[in-house]
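Spelled out from the first residue to the last, the chains are:
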Amino acid sequence: MTIVLYDLVGADEARPFSPHCWKVAFALAHKGLEFKSMPVRFTDIGEIEAGSFKTVPVIRDRGRTCADSFQIALYLEETYSDRSSLFEGEGGKALSRFIEKWAQATLIGYIGPSLLLEIHAALDLADQVYFRSSREQRFGRTLEEAARGREDRLEGFRASLLPLRLMLSEQPFIGGQRPLFADYIVAGIFQWARVISPFPLLAVDDPVTTWFERCLDLHDGIARRIPAAS
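Numbers given for residues are sequential positions, taken from 1 along each chain in its written order. With pLDDT at 70 or above as the cut-off, local features in this predicted model cover only qualifying residues; side-chain atom pairs require 80 or more to be listed or tallied, and sums for whole chains, interfaces and linings still use all residues. By convention in this description, side-chain values take in all heavy atoms of the structure and omit both hydrogens and water.

Asks: Please clarify how unusual backbone geometry should be interpreted in this entry.
Replies: Of the consecutive residues valine 56 and proline 57, the connecting peptide bond is found in the cis state with omega at 15 degrees. Positioned with a positive phi, glutamate 49 is a non-glycine residue whose angle comes to about 45 degrees. The numbering of helices and of strands both runs from the N terminus, where a helix is a DSSP run of H or I of at least 4 residues and a strand a run of E of at least 2. By the element assignment, glutamate 49 lies in the loop between strand E2 (35-40) and strand E3 (58-61). The class of glutamate 49 is partly exposed, set by a relative accessible area of 24%. At glutamate 88, a position not held by glycine, the phi torsion is positive, near 55 degrees. Throughout, exposure labels follow a simple rule: accessible area from a 1.4 Å probe, protein chains only, divided by the maximum for the residue type, with under 20% read as buried, over 50% as exposed, and the rest as partly exposed.

Rendered as structure tokens:
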């Protein structure tokens, strides 16, 4: 049976953009599992599976549902243990948990506010109203104020990638010679930015850029099929 992935979209259903949903899409493809992306807008999330969930990603598999990208990855690893591993053991799980916390603080901490206006522009009217209200409450300022100055902060953001840059100068993936879920955590965030905005987060000659391009080509180019924002 095909797995259903409830996938966050804006006005264009063909351009899913949630970083957390992209982690799961990468993970499903890594496992070689057939899945169907079910487009969901912000204001539709409360209706998923009879109102059982407040956030995405959510998957439905074999009559069961699972939410939260990391929990979904753990579920896939246990349920489909005969397929390519997302963690390669407990060490890989620990690595992925560290990468997730680092990514939330370092990557989303800068990228999230920086993309607010582009995300808002990509939504339909009902979602725009919800998004502006909820994000301005979260940030304590307008979307415009929260996004302001991203160009001035860009070099500091790029400098913060140094540990990742040094690692990827010596190996092709965060997971080593092949990708693990740790890679998909970070790649999902950069894919979010790639789909939403043409703002140049990464320098052309950066090893992180080379790694991300490699990730875009994984699993028959599942991520590259979505054109970059222009």
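Asks: What's the story with helix H5 (residues 125-139) in this structure? I'm lost.
Replies: Along an α-helix, residues three or four apart share an orientation, since each turn contains 3.6 residues. A helix's residues, less one, multiplied by 1.5 Å, set its expected span. With 15 residues, H5 extends 21 Å from end C-alpha to end C-alpha; this agrees with the ideal 21 Å at 1.5 Å per step. What H5 keeps buried is the set Asp127, Gln128, Phe131, Ser134 and Arg135. Taken around the axis of H5, the buried residues stretch over an arc of 150 degrees, which confines them to a single face. Summarising the geometry of H5, the exposed residues directed more than 90 degrees from the buried face are Leu125, Val129 and Gln137. Throughout, the arc means that of the directions going from the helix axis to the C-beta atoms.

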